[in-house]
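The primary structure of each chain is shown beneath.
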Amino acid sequence: MANENGKFYHFMERMKFREFKALWLIFIVTGIFLIGAVMDQIKSSAKIDPMKDVYLFLHGRKDLKEEAEGVLITLGFSKENIIAASSKNVGNVGDYMAMLWRPPRPDQIKIQQITEVKEVEPDKMFGYWKGVLKKDIDYFLLK
């Protein structure tokens, strides 16, 4: 056992751990964060249930409505399940949000799943969507 401890100590000395503790700590925390992000992506890339409703946020880009709907249809959503998002009508837990991303010049659609709907007083900008919690599912290019 003493020999094993000696090898570990020698390894730590070679890695200059004492001199670069902060750097090693940053490296370890970054590694843990990246592993967590990958694991979250694996979990969040669950299959999309096209039988659920999807609320489409166009962010004022009505010229991209048909293109956005086309992407959602290729994902399996029916035209009837694609609902134009409004500040007054929010979805239910399990439904999806699809928004043109990144405004003002979107080039993709961001799909999120609604995880919780809280009762809130609507505000001027987001309306009742202010109380909707969601998780990112995936991104899809518009073209």
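Residues numbered from 1 in each chain as written. Predicted model: local features only at pLDDT ≥ 70, side-chain atom pairs only at ≥ 80, totals over all residues. Heavy atoms only, no water.

## Topic: the side chain of Glu-69
Here's step 1: By secondary structure assignment, the location of Glu-69 is in helix H3 (residues 65–74).
Here's step 2: In this structure Glu-69 touches Leu-56, Lys-79 and Ile-82, once residues within four positions along its chain are discounted. (Helix = DSSP H or I, 4+ residues; strand = E, 2+ residues; numbered from the N terminus. Contact = heavy atoms within 4.5 Å.)

## Some thoughts on unusual backbone geometry
Here's step 1: For the bond running from Trp-101 to Arg-102, omega is -10°, close enough to zero to count as cis.
Here's step 2: Mapped onto the secondary structure, Arg-102 falls in the loop between strand S3 (96–101) and strand S4 (108–117).
Here's step 3: Here the residue pair Pro-103 and Pro-104 is connected by a cis peptide bond, since its omega of 10° sits within 30 degrees of zero.
Here's step 4: In this structure, Pro-104 sits in the loop between S3 and S4.
Here's step 5: Its identity as a non-glycine residue notwithstanding, His-59 has a phi of 50°, on the positive side.
Here's step 6: The residue His-59 is located in the loop between strand S1 (54–57) and H3 in this model.
Here's step 7: Its relative accessible area of 42% is what places His-59 among the partly exposed residues. (Buried < 20%, exposed > 50% of the residue type's maximum accessible area, 1.4 Å probe, protein only.)

## Remarks on the pattern of salt bridges
Opposite charge on two side chains makes pairing possible when the charged atoms of those side chains draw close.
Here's step 1: Following the criterion strictly, the structure yields 3 salt bridges and no others.
Here's step 2: Measuring nitrogen to oxygen at the nearest pair gives 2.9 Å for the salt bridge that ties Arg-61 to Asp-63.
Here's step 3: What makes Asp-63 exposed here is its relative accessible area of 55%.
Here's step 4: The residue Glu-69 makes a salt bridge to Lys-65 at a minimum N-O spacing of 4.0 Å. Of this pair, Glu-69 and Lys-65 both sit in helix H3, 4 residues apart, which is roughly one turn of that helix.
Here's step 5: Among the charged side chains, a network of salt bridges with common partners joins Lys-65, Glu-69 and Lys-79. (Salt bridge = Lys/Arg side-chain N within 4 Å of Asp/Glu carboxyl O.)

Scope: geometric values only; no functional claims are made or implied.
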